[in-house]
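Chain residues, written in single-letter form:
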Amino acid sequence: LFAATIGLVQNDIKRIIAYSTISQLGYMFLAAGVGAYTAGMFHLYTHAFFKALLFLCAGSVMHAMSGELDLQKMGGLKKYMPVTYWTMLIASLSIAGVPGLAGFFSKDEILWLAYSGTNPVGKFVWVIGTLVAFLTAFYSFRLIFLTFHGKFRGTHEQEHHLHESPKAMT
């Protein structure tokens, strides 16, 4: 919960993704705390895949932006970087727990096992886990919207340099 709230106010693209990782590690510990070891391991694996995509996409954005990390200086990159946009969108949908994607199945299992357990603390843990899931969706889509939608907010030189990453990087 703490890491998710920190991720809400970050403007550095890598820091948002890094605080998201800390938050998701909290989910894995939550799973272990309610005895859902298999669900926690499943979330570890799903997290590895969508987080890898997010960091690779962040690297692609940084490459196009000449090393810029500040979301406040981005915007409108969707038209210049469609492959990066769609890849990052799918990864963000997954980490947000959208049904049908891996993040949904792992988070849902953790939350279900927390809620349905015999320990009364499980209901409280379920509330916190559900809140964190909403916060995750919020900061993930804040990152998507500030980076890829709206008007470009960087310098003219940066805008002239915008392009999709080379094939080997993509």
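Here, every reference points to the structure presented above.
None of the values given here were measured: they were computed from a predicted structure.

Quick notes on the rules
Residues numbered from 1 in each chain as written. Predicted model: local features only at pLDDT ≥ 70, side-chain atom pairs only at ≥ 80, totals over all residues. Heavy atoms only, no water. Helix = DSSP H or I, 4+ residues; strand = E, 2+ residues; numbered from the N terminus. Contact = heavy atoms within 4.5 Å. Buried < 20%, exposed > 50% of the residue type's maximum accessible area, 1.4 Å probe, protein only. Patch = residues over 30% accessible without salt bridge, like charges linked within 9 Å, V, L, I, M, F, W, Y side chains within 5 Å. Areas by Shrake-Rupley, 256 points an atom, 1.4 Å probe, with all protein chains shown as cover. Salt bridge = Lys/Arg side-chain N within 4 Å of Asp/Glu carboxyl O. Polar contact = N/O pair within 3.5 Å; in protein donor to acceptor, adjacent residues only side chain to side chain. Axes fitted to C-alpha atoms, helices over the stretch in contact; angles between N-to-C directions. Parallel < 35°, antiparallel > 145°, perpendicular 65-115°, else oblique. Left-handed = near helix turned anticlockwise from the far one by under 90°. Nonpolar A, V, L, I, M, F, W, Y, C, P; charged D, E, K, R; others polar. Expected span 1.5 Å × (residues − 1). Arc of directions from axis to C-beta.

**Some remarks on the environment of Glu 159**
Part 1: Within the secondary structure layout, Glu 159 lies in helix 7 (residues 156–161).
Part 2: Along the sequence, Glu 159 and Gly 76 sit 83 residues apart, while their C-alpha atoms lie 9.8 Å from each other.
Part 3: Beyond its immediate chain neighbours, meaning those up to four positions away, Glu 159 contacts Tyr 80 and Phe 152.

**Topic: unusual backbone geometry**
Part 1: Notably, Ser 66 is not glycine yet its phi reads approximately 55°, a positive angle.
Part 2: Along the chain, Ser 66 turns up in the loop between helix 3 (37–64) and helix 4 (82–96).
Part 3: Judged by relative accessible area, which is 53%, Ser 66 ranks as exposed.

**Observations concerning a nonpolar patch on the surface**
Part 1: Taken together, the side chains of Trp 112, Tyr 115, Trp 126 and Val 127 present a nonpolar region at the surface, about 410 Å² in accessible area.
Part 2: Contributing elements (two or more residues each) for the nonpolar patch: helix 5 (102–116) and helix 6 (121–148).
Part 3: With respect to the secondary-structure elements, Trp 112 resides in helix 5.

**Let's talk about the environment of His 163**
Part 1: Mapping His 163 onto the fold places it in the segment after helix 7.
Part 2: Exposure remark for His 163: the relative accessible area of 27% places this residue in the partly exposed category.
Part 3: With 100 residues separating them along the chain, His 163 and His 63 place their C-alpha atoms 8.8 Å apart.
Part 4: The residues contacting His 163, other than those within four sequence positions of it, are His 63, Ala 64, Tyr 80 and Met 81.
Part 5: Only 3.2 Å separates the side chain of His 163 from the side chain of His 63, close enough to count as a polar contact.
Part 6: Only 2.6 Å separates the side chain of His 163 from the backbone oxygen of His 161, close enough to count as a polar contact.

**Some details on the side chain of Ser 92**
Part 1: You can see Ser 92 is positioned in helix 4.
Part 2: Note on Ser 92: relative accessible area 2%, which makes it buried.
Part 3: Beyond its immediate stretch of four places on either side in the chain, Ser 92 contacts Leu 54, Ser 140, Phe 141 and Ile 144.

**Some remarks on the packing of helix 5 against helix 6**
Part 1: Helix 6 packs onto helix 5 with a crossing angle of 155° between their chain directions and a minimal axis gap of 7 Å. What the angle tells us is that helix 5 and helix 6 run roughly antiparallel. Crossing angle aside, the handedness with which helix 5 passes helix 6 is left-handed. Residue-level contacts link Lys 107, Leu 111, Ala 114 and Tyr 115 of helix 5 to Gly 122, Lys 123, Val 125, Trp 126, Gly 129, Thr 130, Ala 133 and Thr 136 of helix 6.
Part 2: When the residues that make up the contact of helix 5 with helix 6 are grouped by side-chain class, the tally is 6 nonpolar, 4 polar and 2 charged.

**A closer look at helix 5**
One full turn of an α-helix is made of 3.6 residues, so residues set three or four places apart face in the same direction.
Part 1: Taking 1.5 Å per residue, 15 residues should reach 21 Å; helix 5 reaches 21 Å between its end C-alpha atoms and fits that length.
Part 2: Here helix 5 has its buried residues at Gly 103, Ser 106, Lys 107, Ile 110, Leu 111 and Ala 114. One face of helix 5 carries all of its buried residues, which in axial projection span an arc of 125°.

Interpretation in functional terms is not warranted from these geometric data alone.
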